[in-house]
Amino acid sequence: MKIERLETERLILRTYEEGDLQDLYEYLSDEDVVAFEPYEPMNLEEVKNCLENRIASGEFLAIEEKISGKMIGNIYVSERYAESVEIGYVVNRRFWKKGYAYEACNRVCKYIFEQGKHRIEAACDPLNEASWKLLERLGFRREGYLHKDIYFRKDEDGNPIWKDTYIYSMLCECDHLDDVKIQALEIQMWEAARNRNKEAFLNIVSEDAVMICGGYRCTGAEYAQIIEEFDCKDYHISEFEVVAESNDFIQVHYMITTTVNNEANRDLAGTFHISTTWKRFGEKFKVVFNMDSVT
């Protein structure tokens, strides 16, 4: 599936160019970046051949950071059977934990559904936790676990090193993709809080939002300052329900169970009932109200 160019707030998604050689070499030669890919770290000559193939192919989008003009990764987009599309993604290690993969994949998935496609698929190694957690934040559902179904490398005796695979998919089930993905946005909000990432938090929470936590009331901007001290080791969302919906607002209720790293913060651990109201701002939704209560 050939996509010429897309843009997000911070990124340009475009076809590859000859000038991308050094940026492509920077991450395809990094063993940490390609650890779960079907190829070994590449030398410069191998990357030259790879770049030529990607320029000729209609299946790769380069990810360019707007502020620097640097090419920092890529998204693989390939049409499959029955109106399905497979995606994959790789990002330069220097640009991990900035939300770039989410931002790029989110835009591509929206575009794919806008073209009338029915299903988007993705596969990843169960050991690649960052990858499958990204898919779940995007709204993908895990459909299967394939045991020792593939190998990319062999051991010193020439025997295949078999790997397991998670299979994920997302379906276009309604007229507006954003409505389908409110739960994924809730997860994104919790991930931003858990990672103490103020910028990511305010990207999905309005600065003027009303936030009520443990009886304490503040704005979204004030809460973003609080998350610098936020302690959340892990969380689990259940009983998610959209209770009210219009063109501009969506209200959801759900349960969340949290654990903490520091026993001194044990009052932050437990099971809570969450009520959130999302408001449309242009093409995106942001939180304008969030309240928790102890169950």
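Residues numbered from 1 in each chain as written. Predicted model: local features only at pLDDT ≥ 70, side-chain atom pairs only at ≥ 80, totals over all residues. Heavy atoms only, no water.

**So, the overall build of the chain**
Then, number 1: Within the chain, the regular secondary structure consists of eight helices and 14 strands.
Then, number 2: For a compact globule of 295 residues, the expected C-alpha radius of gyration is about 19 Å, and the chain comes in at 21 Å, within 12% of that figure.
Then, number 3: Projecting the C-alpha coordinates of the chain onto the three principal axes gives extents of approximately 60 × 45 × 40 Å.
Then, number 4: Buried residues in the chain amount to 45% of all 295 residues.
Then, number 5: Within the chain, contacts between residues at least 6 apart in sequence are counted, and of these 57% link residues at least 24 apart. (Helix = DSSP H or I, 4+ residues; strand = E, 2+ residues; numbered from the N terminus. Rg over C-alpha atoms; globule rule 2.2 N^0.38 Å. Buried < 20%, exposed > 50% of the residue type's maximum accessible area, 1.4 Å probe, protein only. Contact = heavy atoms within 4.5 Å.)

**Thoughts on the confidence of the model for the chain**
Then, number 1: Of all residues in the chain, 97% have pLDDT values of 70 or greater, and the mean over the chain is 90.
Then, number 2: Considering each helix and strand of the chain separately, the mean pLDDT is smallest for helix 5 (residues 177-180), with a value of 48, and largest for helix 1 (residues 21-28), with 98. (pLDDT = per-residue confidence, 0-100.)

**Brief notes about the pairing of strand 10 (residues 216-219)**
Then, number 1: Where strand 9 (residues 205-213) meets strand 10, four bridges bridge the pair, whose relative direction is antiparallel. For Met211, the partnering residue across the bridge sits in strand 10 and is Cys218. (Pairing = 2+ DSSP bridges.)

**Concerning the environment of Asp292**
Then, number 1: Mapped onto the elements, Asp292 comes out in strand 14 (residues 284-294).
Then, number 2: Distance in space between the C-alpha atoms of Asp292 and His273 is 5.5 Å, their sequence separation being 19 residues.
Then, number 3: For Asp292, the contacting residues outside a window of four places in its chain are Ile212, Cys213, Gly214, His273 and Ile274.
Then, number 4: Reaching out from Asp292, the side chain makes a polar contact with the backbone nitrogen of Gly214 at a distance of 3.0 Å. (Polar contact = N/O pair within 3.5 Å; in protein donor to acceptor, adjacent residues only side chain to side chain.)

**So, the state of the cysteines**
Then, number 1: Taken as a whole and judged by the stated rule, the model has zero disulfides.
Then, number 2: Cys50 takes part in no disulfide bond, and the closest cysteine sulfur, belonging to Cys105, lies 18 Å away.
Then, number 3: You can see Cys213 has no disulfide; the closest cysteine sulfur is in Cys218, sitting 7.7 Å from it.
Then, number 4: For Cys213, a relative accessible area of 28% corresponds to the partly exposed category. (Disulfide = S-S within 2.5 Å.)

**Focus: the side chain of Glu64**
Then, number 1: Structurally, Glu64 is set in strand 3 (residues 60-65).
Then, number 2: Relative accessible area serves as the criterion here: at 15%, Glu64 is assigned to the buried category.
Then, number 3: Only 2.7 Å separates the side chain of Glu64 from the side chain of Arg14, close enough to count as a polar contact.
Then, number 4: If sequence neighbours within four positions are ignored, Glu64 has contacts with Arg10, Leu11, Ile12, Arg14, Gly69, Lys70 and Met71.

**A short note on helix 6 (residues 182-194)**
Then, number 1: In this model helix 6 runs 18 Å from its N-terminal to its C-terminal C-alpha over 13 residues, within 8% of the 18 Å that 1.5 Å per residue would give.
Then, number 2: Counting buried residues in helix 6 gives twelve out of 13 residues, a clear majority hidden from the surface.
Then, number 3: Here helix 6 has its buried residues at Ile182, Ala184, Leu185, Glu186, Ile187, Gln188, Met189, Trp190, Glu191, Ala192, Ala193 and Arg194.
Then, number 4: In the segment just after helix 6, Arg196 is the residue with positive phi, at about 55°. (Expected span 1.5 Å × (residues − 1).)

**Here's the deal with the sheet that holds strand 11 (residues 234-245)**
Then, number 1: Spatially, 10-9-14-13-12-11 is the arrangement adopted by the six strands of the open sheet, whose pairing is mixed. Only two strands of the sheet have a single neighbouring strand rather than two, namely strand 10 and strand 11. Each neighbouring strand pair of the sheet contributes to a mean axis angle of 15°, computed without reference to strand direction.
Then, number 2: Along the sheet, helix 6 contacts strand 9, strand 11, strand 12 (249-259), strand 13 (270-281) and strand 14; its crossing angle with strand 11, the most-contacted strand, is approximately 140°. (Axes fitted to C-alpha atoms, helices over the stretch in contact; angles between N-to-C directions.)

**Side note on the sheet that holds strand 5 (residues 84-91)**
Then, number 1: Pairing within the open sheet is mixed, and its eight strands lie in the order 1-2-3-4-5-6-8-7. With one partner strand each, in any of the chains shown, strand 1 (5-7) and strand 7 (141-154) form the two edges of the open sheet. Between one strand axis and the next, the sheet turns through 25° on average, direction left out of account.
Then, number 2: One ladder, built from three bridges, connects strand 1 with strand 2 (residues 11-14); its direction is antiparallel. When the bridges of strand 2 are listed, Glu7 appears paired with Ile12.
Then, number 3: Of the strands in this sheet, strand 4 (71-79) and strand 5 touch helix 1, which is tilted by about 85° from strand 4.

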